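# Architecture at a glance
In case you want the letters, here they are:
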Amino acid sequence: MSGVEMKKFRRAFDVFRKTVILYDFEEIKTPIFEETALFERSLGGGTDVVSKQMYTFEDKSGRSLTLRPEGTAGLVRAAISGNLLRELPARFWYCGPMFRYEKPQKDRRRQFYQLGAEIFGEAGCAADAEVIEICNDFFNRLGIEYSLKINSIGCPECRGRYEDALKKYLADVLDELCGDCRERYIKNPLRVLDCKIDRGKDVIKKAPNFESFLCEKCGGDFEGVKNILKERGISFEIDSRLVRGLDYYTGCVFEFYTSAARDAIAAGGRYDGLVKFLGGADVAAAGVAIGLDRISSSIKIDESREGYLITGVGVSGGELERLARLIREAGFLCRVSSKQKLKKALAEASSGNFKYAVIVGEDELKNDSVSVKDLGSGEQKTFAKEEFIKKL
Ligand SMILES: [Zn+2]
Ligand SMILES: [Zn+2]
């Protein structure tokens, strides 16, 4: 990553950091790799990520390790082993590379970056709505227009009831599904709903609707999320086919889309069972992960900089460096050009997106002055050196 792409990455990172700090989240960094079993257990063996996309290898003592394909499982593992959940609620945010073995294409890379936020110890619906609201603030600040889909996949009880009904329904339409789905149907029928091949088919669209299988508590929580979002003016659409590609989710799940990216740009939901499942206490949790590579093309950056390029023909380099130091001490970006012709130096200044060129020629040196050219307007003025430094 470099150039404009790097700048967009940095801008997204800065805006996200600012946003989550306003919501009182704490930054956390977790290892790039974990024991393979962590992902197999928490993401689920029937998921595409675990069965097809993980970078798994053995270390020197024969342990199976995997480059993290997502951020939540490792974060929960770290939070448990570091005893970070002793005081609740706890709120963490992170940024880092994730790895999935997929066919590389535009905005889908094998090493990609995610921004994430996780809230622990808040049951009910407020935390779900809060992580959605964080995405809303983040995308608004970046000027990214999005659409939001939400659904609820309930607790293990209502999910069990739904899975039974789904299985019954799928049994009659199996020959319309792909080969993988005929296997998923037995092991993990929910995964059929987000199959990349079958997702758009009519048989999937006509599958039973999850909302009508929700128990009273799950139904109430889902209503709660919807009400908070309405109250905050965040528009959404309910997609009863939305089940997320990972097994650890419970309750409300959601995905953000833009017209520029084919895949979801952000996704998340509630995962109340995961902390306990991985050996911790019974802690409620909700979170989101945002795909930095997927929003990159939608981020606008201002390439102009409040910077100065100093050029001097026939003037000693030491003299120019002294002036540069004064400009930097005043807090401005500054570069000394080594070009020996004014025209070439000015070309360097405009291709580097500097705002001003500071010209020190023999006349200026004699009068202890500098000429400052505004590269936007083309206007040039001469100042006494002291006056110029003061003006900075
Ligand atoms: Zn339920
Ligand atoms: Zn399928």
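To be clear, the structure that these remarks concern was listed above.
Bear in mind that the values here come from a model prediction, so they are computed numbers and not experimental data. (Residues numbered from 1 in each chain as written. Chains lettered and ligands numbered in written order. Predicted model: local features only at pLDDT ≥ 70, side-chain atom pairs only at ≥ 80, totals over all residues. Heavy atoms only, no water.)

### Some words on the overall build of the protein
The helix and strand inventory of the protein stands at 15 helices and 16 strands. Its C-alpha atoms give the protein a radius of gyration of 27 Å, more than 25% over the compact-globule value 21 Å for 392 residues. When the backbone C-alpha atoms are referred to their principal axes, the protein occupies close to 90 × 55 × 45 Å. Taken over 392 residues, the protein has a buried fraction of 50%. On the protein, roughly 19300 Å² of surface is accessible, and the fraction owed to carbon and sulfur atoms is 49%. Measuring between centres, the 63 positive side-chain charges of the protein sit 5 Å from its 61 negative side-chain charges. (Helix = DSSP H or I, 4+ residues; strand = E, 2+ residues; numbered from the N terminus. Rg over C-alpha atoms; globule rule 2.2 N^0.38 Å. Buried < 20%, exposed > 50% of the residue type's maximum accessible area, 1.4 Å probe, protein only. Areas by Shrake-Rupley, 256 points an atom, 1.4 Å probe, with all protein chains shown as cover. Lys, Arg positive; Asp, Glu negative; His and termini not counted. Charge placed at Lys NZ, Arg CZ, Asp CG, Glu CD.)

### Description of the environment of Arg-17
With respect to the element layout, Arg-17 can be found in helix α1 (residues 3-22). Distance from Arg-17 to Glu-70, taken between C-alpha atoms, is 19 Å for residues 53 residues apart in sequence.

### A look at the sheet that holds strand β3 (residues 55-58)
Overall, antiparallel pairing links the 3 strands, which are arranged β2-β4-β3 in an open sheet. Unpaired on one side and paired on the other, β2 (33-35) and β3 mark the two borders of the sheet. Across the sheet, the mean angle separating the axes of adjacent strands is 35 degrees when strand polarity is ignored. In the sheet, β3 pairs with strand β4 (residues 64-67) via 4 bridges, with the strands oriented antiparallel. Opposite Tyr-55, over in β4, you have Leu-67 as the bridge partner. Packing against the sheet, helix α2 (residues 36-43) makes contact with β2, β3 and β4, and its axis sits at approximately 80 degrees to β2. (Pairing = 2+ DSSP bridges. Axes fitted to C-alpha atoms, helices over the stretch in contact; angles between N-to-C directions. Contact = heavy atoms within 4.5 Å.)

### Here's the deal with the nonpolar core
Phe-120, Phe-138, Phe-139, Phe-256 and Ile-295 are the most contacted members of the largest nonpolar core, which has 96 residues in total. The biggest single contributor to this core is helix α5 (residues 126-142), with 9 residues. When residues no more than four places from it in sequence are discounted, the contact partners of Phe-139 are Ile-144, Tyr-146, Phe-256, Ile-265, Ala-266, Ile-290 and Ile-295. Residues Tyr-308, Ala-324, Val-372 and Phe-383 belong to the second largest nonpolar core, which totals 15 residues. (Core = buried A, V, L, I, M, F, W, Y, C linked by side-chain atoms within 4.5 Å.)

### So, helix α6 (residues 156-171)
Given a rise of 1.5 Å per residue, 16 residues ought to cover 22 Å, and the 22 Å separating the end C-alpha atoms of α6 matches this to within 8%. Looking only at α6, the buried set comprises Cys-158, Arg-159, Tyr-162, Leu-166 and Leu-170. Buried residues in α6, looked at end-on, bunch into an arc of 100 degrees, giving them a common side. Facing away from the buried surface of α6 by more than 90 degrees, the exposed residues are Glu-157, Asp-164 and Lys-168. On its buried face, α6 is in contact with α7 (179-187), α9 (216-231) and β9 (250-257). (Expected span 1.5 Å × (residues − 1). Arc of directions from axis to C-beta.)

### A closer look at empty space enclosed by the protein
Counted by the stated rule, this structure contains 2 cavities of 30 Å³ or more. What the largest cavity holds in volume is close to 70 Å³. Elements that contribute at least two residues to the lining of the largest cavity include exactly α1 and α11 (292-295). Take the lining of the largest cavity: its biggest share by element is 3 residues, from α1. Among the residues making up the lining of the largest cavity, the classes are represented as 4 nonpolar, 1 polar and 4 charged. (1 Å grid on protein atoms, 1.4 Å probe; cavity = no way out; pocket = protein on both sides within 12 Å on 5 of 7 lines; lining within 4 Å. Points joined across faces, edges and corners; volume = space filled by probe spheres on them. Nonpolar A, V, L, I, M, F, W, Y, C, P; charged D, E, K, R; others polar.)

### Things to note about the coordination of the zinc ion (ligand 1)
Ideal coordination angles are 109.5 degrees for a metal with four donors arranged tetrahedrally and 90 or 180 degrees for a metal with six donors arranged octahedrally. Listed as protein donors to the zinc ion (ligand 1) are Cys-155 (SG), Cys-158 (SG), Cys-215 (SG) and Cys-218 (SG); their distances from the metal cover 2.2 to 2.3 Å. Coordination at the zinc ion (ligand 1) is tetrahedral, judged from the 4 donor atoms that bind it and the angles of 99 to 122 degrees they form at the metal. Sequence spacing of the donor residues for the zinc ion (ligand 1), all on one chain, is C-x2-C-x56-C-x2-C. Of this pair, Cys-158 sits in helix α6 while Cys-215 sits in the loop between α8 (202-205) and α9, and the two are 57 residues apart along the sequence. (Donors = N, O, S within 2.8 Å, 3.2 Å for Na, K, Ca; no water. Tetrahedral: all angles 85-135°; square planar, octahedral: opposite > 155°, others 65-115°.)

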